[in-house]
Amino acid sequence: MQRSKQYYIKLAGKGMLMGAADAVPGVSGGTVAFITGIYEELIHSIRQCGPEALKVLFTQGIKACWQHINGTFLLTLVSGILISLLTVARVVLYLLDEYPVLLWSFFFGLILASTWSVMRHTGKVGFNVAAMFMLGAVIALQISALTPSVADPGYLMIFLSGMIAICAMILPGISGSFILLLLGMYAPVLLALKSFELGFISIFVLGCITGLLSFSRVLSWAFNHYRILTLSLLGGFMFGSLNMVWPWKYTLSYNINSRGEEVPLAQKNILPDTYLALTGQDPLTLFAVALIVVGCTLVLVLDRR
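First things first, this report covers the structure right here in the doc. (Residues numbered from 1 in each chain as written. Predicted model: local features only at pLDDT ≥ 70, side-chain atom pairs only at ≥ 80, totals over all residues. Heavy atoms only, no water.)

For the protein chain, the count of helices and strands is 16 helices and two strands. Nonlocal contacts in the protein chain, meaning residues at least 24 apart in sequence, comprise 74% of its contacts between residues at least 6 apart. A total of about 16,200 Å² of accessible surface is found on the protein chain, and carbon and sulfur atoms cover 69% of it. (Helix = DSSP H or I, 4+ residues; strand = E, 2+ residues; numbered from the N terminus. Contact = heavy atoms within 4.5 Å. Areas by Shrake-Rupley, 256 points an atom, 1.4 Å probe, with all protein chains shown as cover.)

It is the contact of helix H10 (residues 155-169) with helix H13 (residues 198-225), at a shortest axis distance of 7 Å, that shows an interaxial angle of 40 degrees. By the angle between their axes, H10 is oblique relative to H13. As for the relative orientation of H10 and H13, their crossing is right-handed in sense. Across the interface between the two elements, Tyr155, Ile158, Phe159, Ser161, Gly162, Met163, Ile166 and Cys167 from H10 touch Phe200, Ile203, Phe204, Leu206, Gly207, Cys208, Thr210, Gly211, Leu212, Ser214 and Phe215 from H13. Here the residues of the contact of H10 with H13 sort into 13 nonpolar, six polar and no charged. (Axes fitted to C-alpha atoms, helices over the stretch in contact; angles between N-to-C directions. Parallel < 35°, antiparallel > 145°, perpendicular 65-115°, else oblique. Left-handed = near helix turned anticlockwise from the far one by under 90°. Nonpolar A, V, L, I, M, F, W, Y, C, P; charged D, E, K, R; others polar.)

Its 15 residues place the ends of helix H14 (residues 227-241) 21 Å apart at the C-alpha level, agreeing with the 21 Å of an ideal helix rising 1.5 Å per residue. Among the 15 residues that make up H14, 11 are buried, leaving the element largely enclosed by the rest of the structure. The set of residues buried in H14 consists of Thr230, Leu231, Ser232, Leu233, Leu234, Gly235, Gly236, Phe237, Met238, Gly240 and Ser241. As for H14, its buried residues are in contact with helix H2 (29-35), helix H3 (39-47), helix H8 (100-120), helix H9 (127-145) and H13. (Expected span 1.5 Å × (residues − 1). Buried < 20%, exposed > 50% of the residue type's maximum accessible area, 1.4 Å probe, protein only.)

If you look at the biggest cluster of nonpolar residues, it comprises 43 residues, and the most contacted ones within it are Met18, Phe34, Tyr39, Leu42 and Leu77. Looking at this core element by element, the count peaks at eight residues for H8. Sequence-distant contacts of Leu42, defined by excluding residues within four places in its chain, comprise Met18, Ala33, Phe73, Leu74 and Leu77. Residues Ala165, Val189, Ala192 and Phe204 belong to the second largest nonpolar core, which totals 14 residues. (Core = buried A, V, L, I, M, F, W, Y, C linked by side-chain atoms within 4.5 Å.)

For any two helices packed against each other, the geometry comes down to the angle between their axes and how far apart the axes lie. It is at 10 Å that the axes of H3 and helix H6 (residues 71-86) come closest, and there the two elements cross at 115 degrees. Here H3 lies roughly perpendicular to H6, going by the angle between them. Here H3 runs over H6; the crossing is left-handed. Facing Glu41, Leu42, Ser45 and Ile46 of H3, the residues of H6 in contact are Phe73, Leu74 and Leu77. Looking at the contact of H3 with H6, its residues break down into five nonpolar, one polar and one charged.

As enumerated under the stated definition, the model contains eight aromatic pairs in all. The interplanar angle of 85 degrees and the centroid separation of 5.2 Å between the aromatic rings of Tyr7 and Tyr8 together place this pair among those described as edge-to-face. Between Phe106 and Phe107, the ring centres sit 6.2 Å apart and the planes meet at 50 degrees, which makes this aromatic pair tilted. For Lys249, the ring lying beneath its charged end belongs to Trp104, and the centroid distance is 5.0 Å. (Phe/Tyr/Trp six-rings, centres within 6.5 Å; stacked < 30°, edge-to-face > 60°. Lys NZ or Arg CZ within 6 Å of the ring centre and 35° of its normal.)

Glancing now at the pattern of salt bridges. Under the counting rule described, the total for this entry stands at three salt bridges. Where Arg3 meets Glu41, a salt bridge forms, and the shortest distance between an N and an O atom there is 2.8 Å. Of this pair, Arg3 sits in the segment before helix H1 (5-22) while Glu41 sits in helix H3; the two residues are 38 residues apart in sequence, bridging distant segments of the chain. The exposure class assigned to Glu41 is partly exposed, which follows from its relative accessible area of 24%. (Salt bridge = Lys/Arg side-chain N within 4 Å of Asp/Glu carboxyl O.)

Note that Ser161 resides in helix H10. Once residues within four sequence positions are removed from consideration, Ser161 is found in contact with Leu180, Leu183, Met185 and Phe204.

Of note in the backbone geometry, Asn70 takes a positive phi value of approximately 55 degrees without being a glycine. Of note, Asn70 is situated in the loop between helix H5 (62-68) and H6. Although it is not a glycine, Leu284 adopts a positive phi angle of roughly 50 degrees. Tracing the sequence through the fold places Leu284 in the loop between helix H15 (272-279) and helix H16 (285-302). Classification of Leu284 as partly exposed rests on a relative accessible area of 26%.

In structure tokens:
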């Protein structure tokens, strides 16, 4: 498929948005992929990177293999994600630390409108669609209600963490970063990336690759055979994940990170007035609502693509 340079510049930008989202516990890069209209192509392209690709490589050559796996698409998107993790994600994490209510409000608007966008493509809502939507919402709510743990990062744990987290990252509505938090691996992974620990990173990446290649096949099969029900389930995931991105949170317990700083471990959602009473901080309600509207509007504009 012949595509313009402008398309690939936009695709790299979408990858940067995915990388920025994946850096925040509670927000899924898969949601961004869905919002920007590249989700299904991403899943199908990843699925192609299996044994069949090696067969094409050895029988037809590098060019045929590159076309088989949609290589230019994947390379551009991954490059955008990596650039984001090294640059834009730092800004997002800064905003999360300094202006959490406003950032969560924006993400809340994005995911709320994305839920509508996904469900709009399911057509008439029957019993099966409603049931799958509710199932997805319940699963996401149950996952978001779990309390993060602290793990001893052995080799097996590192591998499994990469395998599980990457599956969550490509599912709209389920945050791979939050899964790492639940497994107690979020801080160790960030520290390993910052310190450039090649052994740790290699094992983690191997787990990611294993999870990605296997789970993408499941998703590709689901889209090919049960597209409407799959969309309904993903819509439910998104709706249930709104619990994770509610703007006003009260921290119940803290954890100490590698730099000796207190970071939130367990939080509960509260109303703006309660937030003011418990924290003494301005809930910024009007600005928060405005950013929710901005997030919703952005998705509605993108949905008209």
